[in-house]
Amino acid sequence: MATPHATSTRTSRLAWLLAAASLPVALAVAPPAHAASADLVIAEVYGGGGNSGAILKSDFIELANAGTAPFDLTGYSLQYAPANPGASTTWQVTRLTGSVAPGKRFLVKQADGTSTTSVPLPSPDLTGTIALAAGAGTVALVAGTAPLTCKTAADCAADGSIKDLVGYGAAVIRETSPTGALGANASAARGPSLADTDDNSADLRVQLPNPTNAAGETYQVTPNGGTPPTEPGDQRIRDVQGKGRISPYDGKRVEGVPGVVTAAAADGFWIQDTAPDRDDATSEGIYVYTGAFPPGVLPGDSVLVSGTVKEYWPTTDANQTLTELTDPASTVLSEGNPLPKPVPVALPERYTVNGYLDNLALKPSKTALDWLEAREGMLVSVADVRVVGATAYGEIWVQTKPKQNPSERGGTVYAGYDKQNSGRIQLHALGTAPKVDVGDTLKGVSSGPLHYQNYGGYSIHTTVFGTEKDGGIKRQVVAPLPANSKAVGIATYNVENLSARDAASKFEQLAEGIVHNLGSPDIVALEEIQDNTGTLNGVEDPTVAADQTLAKFTAAIQAAGGPAYEWRQIDPVAHSDGGAPGGNIRQVFLFNPARGVTFVDRPGGDATTPVKVVTTKTGKGGKDVNVSLSVSPGRIDPASTAWNASRKPLVGEFTFQGRQLFVIANHFNSKGGDQPLHGRNQPPVRITEAQRLQQAALVNAFVDDLSKASKNKAEVVVLGDINDFEFSQVMDVLTGKGKALKPLIETLRPDQRYSYIYDGNSQALDHILLSPSIRNFGYGIVHINVEFADKASDHDPQLVRLLEPGKPGKPGNSGLPYLVK
């Protein structure tokens, strides 16, 4: 049975961020330190000996003779400098004696660490006392015993006494580029050929330490103490993968599986069989999971791998599984072998079949998910693909079927539960991803091994990207209303967890969107305004007030040339409304008094007091009725279990030039717990929908109270992040199937219906809905965020302008005056 890893450095958004953070930053390429050595080279460097968690007790430097004659070490030394040598730094020296036979190794033990559980090296051929840094530093093989004086890569390159040099981690002194960072169980080592091209990053791989002495005695560090294979075993990769999603060898140990390394990640590597069979249902590639241990291989290595077959569930068992080899022991047979030719991605039109996919035989020619599963772990490619999800976290979504529900700006629209857009696929950069927006094209071939991960499911872990071609989309701009306009502009904008602790640049970009792109609406309903302290790295502190957040935001709007907005909101009960831990997100109304907008304050509204509809009879004989709110601002039935760990709707009563408006700002329960489109259960279960249905019913009932009390005259605007689609049952309940509220998204063309992009699908989660009493309006979604790699929020705002009541004109959506479309 597949089991989630309890702890893991899986290749994911978090792993990508951590890996990026560990890379050397802004290192210039250094010149080679000397002519490449044809005989004696530094074969392996290890500085983690005896550190916490280290298997080996001692640091070591291993030499190897790639020549045909013995190499006399008399007069030579090994020297060490820290990663960033200063003016007072002195190279540490270990004098060498003896000789190294051709084709043999020479093990130089250095300082011991303090661990009492680490094991000793094989008998060293010579012992020094240098304590190497575990992660970064420089080791030099020198013809001489006087300490080197060079402190830069260029100066060391000019020193003719240096025979070989290895810079590891963020070392300033290195040949061309340093190796990756090392660690408690990670060394830098040359491959079997001992190639020396004077580029440390190309010549040495980060691997599990493997100290070997002149007598051939060795200690190969392996996960769980496995023995590296020496001969191919009985199983090939296709046997391990099998003809279904679950390996027939799940939970069993396989020995000596052959393959060529096609790529490596932070926690493992992919191998592929170079002699495939003709069965389209069996993959020829597989992922080898090394976990906290370094992969120790490079693309082009021919390897044998022994390991335990495991079906890994990324994060949740609603996902499909990744077949992988765990607790591996591997042997590199040769280097520099050609890689298999990538298989062009050719996905069927049908996305999947219904059922529990683990129990179904693969039919790669029938569905996209089966085609992908049958090539899991293999090199695949896409060519000339359009971007449908902008670069984020090193990932890009592309569309291999350009005619599949295209949006008007180059995306692909999610138009129904059975319209999953089978041509979508994610490119997950194994290096640096190009910065692209929706509508751009990656010209030429993008390729890499096909993987399965939590975020996005099947993903090409891309080693080669095509060339970016700009698609030309711009952030949309709506012309502001004239100062004397009788129309009133109302917007909704999810500002993605905005708190006073956020950088000024985020406030500035959001403010620019309000002022420049939306034309300073008269009323703005904001979602995801956090308290003054925000998440404080996930700590739930007692702060619930958001006055500093809102003061900072309204000041930024004024600085951008916008109006002096006032605000109304209700502080929630601490940590009861969901969202990021400690953030206490809530909805907020901004309004512009200078345009004649008045907020009708009615005292008593707080986090726990429900707002009610109040009627007052007026006129002769009490025939007329005034409708108002019991409290303003207020919250709809905040004690209801429908709002558990979720935001309560904020209701406000406004007047605009004598016109009474009731505005309800919403942020319904997240879809985050729903099963994924790419998961094992088809169709996926929408687990979170039940709570949103309850929430929709409560809001609908409140709107119904307003309508009945006013004899259908009340002008009601319901808006916000509903967290569901225009075709969903939630929207049917909220709108009363279109009778109680009109969903404005349905007044747009199908290719315009989106305010959010998830897994490459452009979709509508945010909505503005109007009561039937409002007949003339201009409405649109203003695309300024979701299609762009640089964005202030993960949502696009929406804007409706309610035209003057009774003004001549055809009822319905007259659109917005876009200055930039």
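Everything discussed here concerns the structure shown above.
First things first, this report covers the structure right here in the doc. (Residues numbered from 1 in each chain as written. Predicted model: local features only at pLDDT ≥ 70, side-chain atom pairs only at ≥ 80, totals over all residues. Heavy atoms only, no water.)

The general pattern is negative phi for most residues beyond glycine and trans for most peptide bonds. That bond from Ser632 to Pro633 is cis: its omega, 5°, falls within 30 degrees of zero. As for its position among the elements, Pro633 is in the loop between β33 (624–629) and β34 (634–635). In this chain, Gln682 is followed by Pro683 through a cis amide linkage whose omega measures 0°. As for its position among the elements, Pro683 is in the loop between β37 (681–682) and α8 (689–709). Positive phi outside glycine occurs at Asn712, with the angle close to 70°. Tracing the backbone shows Asn712 in the loop between α8 and β38 (716–721). (Helix = DSSP H or I, 4+ residues; strand = E, 2+ residues; numbered from the N terminus.)

Okay, helix α7 (residues 547–559) next. Look at α7: 18 Å from first C-alpha to last across 13 residues, which is about the 18 Å you get at 1.5 Å a residue. Structurally, α7 contributes buried residues whose contacts are with β27 (488–498), α6 (504–517), β28 (523–529), β29 (566–569) and β30 (586–591). Gly561, located one to two residues past α7, shows a positive phi value of around 100°. (Expected span 1.5 Å × (residues − 1). Contact = heavy atoms within 4.5 Å.)

This model, assessed by the stated rule, comprises 37 salt bridges. Among the salt bridges present, the one from Arg190 reaches Asp196, with a minimum N-O distance of 3.8 Å. Note on Arg190: relative accessible area 5%, which makes it buried. Since its relative accessible area comes to 11%, Asp196 is described here as buried. (Salt bridge = Lys/Arg side-chain N within 4 Å of Asp/Glu carboxyl O. Buried < 20%, exposed > 50% of the residue type's maximum accessible area, 1.4 Å probe, protein only.)

This part takes up the sheet that holds strand β15 (residues 285–289). Strand order around the closed barrel formed by five strands is β13-β14-β15-β17-β16, with mixed pairing between neighbours. Here the average twist between neighbouring strands, direction ignored, is 55°. Strand direction decides the pairing type here: strand β16 (residues 302–312) and strand β17 (residues 322–334), joined by ten bridges, are antiparallel. Bridge assignment links Lys310 to a residue of β17, and that residue is Glu324. (Pairing = 2+ DSSP bridges. Axes fitted to C-alpha atoms, helices over the stretch in contact; angles between N-to-C directions.)

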